[in-house]
Amino acid sequence: MTLHLVDDHDAATACVTTLVSSAIRATPSLVLGLPTGRTPMGLYRALRTAGLDWSRVRTFNLDEFSTLGPEHPGSFRAFMDEHLFRHVNLAPASIGFLRGDAADGAAECARYDAAIAAAGGIDLLLVGLGGNGHIGFNEPGESLRADTHVVALHESTRRANAERFAGDWQAVPASALTMGMRQVLSARRVVMMATGASKAEAVAAMLDGPLTTRCPASWLQTHPDVTFVLDRAAVSARRAG
Ligand code: F6R
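Residues numbered from 1 in each chain as written. Predicted model: local features only at pLDDT ≥ 70, side-chain atom pairs only at ≥ 80, totals over all residues. Heavy atoms only, no water.

A. Expanded view of the sheet that holds strand β4 (residues 63–65). Strand order in this open sheet of 3 strands is β4-β8-β7, and the pairing throughout is antiparallel. Pairing within the sheet leaves two strands with one partner each, and these edge strands are β4 and β7 (149–152). For this sheet the average axis-to-axis angle between neighbouring strands, irrespective of direction, equals 30°. Pairing between β4 and strand β8 (residues 175–178): 3 bridges, direction antiparallel. In the sheet register, D63 faces β8, and the bridge partner there is T178. (Pairing = 2+ DSSP bridges. Helix = DSSP H or I, 4+ residues; strand = E, 2+ residues; numbered from the N terminus. Axes fitted to C-alpha atoms, helices over the stretch in contact; angles between N-to-C directions.)

B. Spotlight on the site of the ligand. Lining the immediate surroundings of the ligand are 14 residues, of which T39, D63, H134, G136 and K199 lie closest. The side chain of T39 places a nitrogen or oxygen atom 2.5 Å from an oxygen atom of the ligand. Side-chain polar atom of H134 to an oxygen atom of the ligand: 2.6 Å apart, as the coordinates give it. Alone, the ligand offers 410 Å² of accessible surface; in the complex the protein occludes 91% of this. With respect to the detected pockets, the ligand is housed in the largest pocket. (Near = heavy atom within 4 Å. Polar contact = N/O pair within 3.5 Å; in protein donor to acceptor, adjacent residues only side chain to side chain. Areas by Shrake-Rupley, 256 points an atom, 1.4 Å probe, with all protein chains shown as cover. 1 Å grid on protein atoms, 1.4 Å probe; cavity = no way out; pocket = protein on both sides within 12 Å on 5 of 7 lines; lining within 4 Å. Sits in = over half its atoms within 2 Å of the grid points.)

C. Representation of the packing of aromatic side chains. Counting across every chain of the model gives 6 aromatic pairs. Between F65 and F165, the ring centres sit 5.7 Å apart and the planes meet at 90°, which makes this aromatic pair edge-to-face. Of this pair, F65 sits in strand β4 while F165 sits in the loop between α5 (155–160) and β8, and the two are 100 residues apart along the sequence. Each member of the pair F65 and F165 is classed as buried. For the pair F76 and F137, a centre-to-centre distance of 5.7 Å together with 35° between the ring planes defines the contact as tilted. One end of the pair, F76, is in helix α3 (residues 76–83); the other, F137, is in the loop between β6 (124–127) and β7, with 61 residues separating them in the sequence. As far as the burial class goes, F76 and F137 line up, both buried. Taken together, the aromatic side chains of F65, F76, F137 and F165 make up a single cluster linked through ring pairs. (Phe/Tyr/Trp six-rings, centres within 6.5 Å; stacked < 30°, edge-to-face > 60°. Buried < 20%, exposed > 50% of the residue type's maximum accessible area, 1.4 Å probe, protein only.)

D. Geometry of the sheet that holds β6. Spatially, 7 strands are ordered β1-β10-β9-β6-β2-β3-β5 in an open sheet, and the strand pairing comes out parallel. The open sheet has two edge strands with one neighbour each: β1 (2–6) and β5 (95–96). Judged from the 2 bridges that link them, strand β3 (residues 58–61) and β5 form a sheet pairing that is parallel. Paired with F60 across the two strands is G96, which belongs to β5. The sheet strands contacting helix α7 (residues 200–208) are β9 (189–194) and β10 (226–231), and the helix crosses β10 at an angle near 150°. (Contact = heavy atoms within 4.5 Å.)

Structure representation (structure tokens):
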């Protein structure tokens, strides 16, 4: 495991921008797994102007809200179009995304796992961290699922996503489709970015706690090639400092 401890959010963004840019330059046909959320917004802004050739890159996003089609402004697909996809020369056919509005959620999840496998697996997976320790939308609980699946979202997760739903957390769909722990842990390399004091408890559990379904991100401790990019506020609850 590699830990990059940096001063603040901007420094974390710069660090991850360098990691992703180097990976795309080294492997122009990189298969890249991507998160949405507040954490990677600056990253996507920086990647837009990094002079990268995306023409052979393939992407797979971690998750999508159930019921929402790609045109819905609250969908993760719309987020990605707005923040990255429409600004770079990524081929539309190379964008892998779960369809939240699929009639058969289980079949859609199986299709996604098959698409990832057909692409040869994920080379570099970027992930964010939920304040409750979730990764993708693998929520804390009694158990975790290996494959891509439909999941009920915790109220805290819906509240954290209310911004794109006019601040109304109850307008955030109650369920989502998400890559499972197998997809996360079988990516050849994982880069986890977390910043800010609101992530501090989850970061401490992720890095120093036991492997537990109560903190899905703790399973990253088992990954053979994981890089954590964290700022000082995010590590403030670690006993070791
Ligand atoms: C989103 C995702 C989530 C977020 C996490 C952190 O695609 O997979 O796990 O990465 O909820 O969200 P932010 O960055 O908004 O704090």
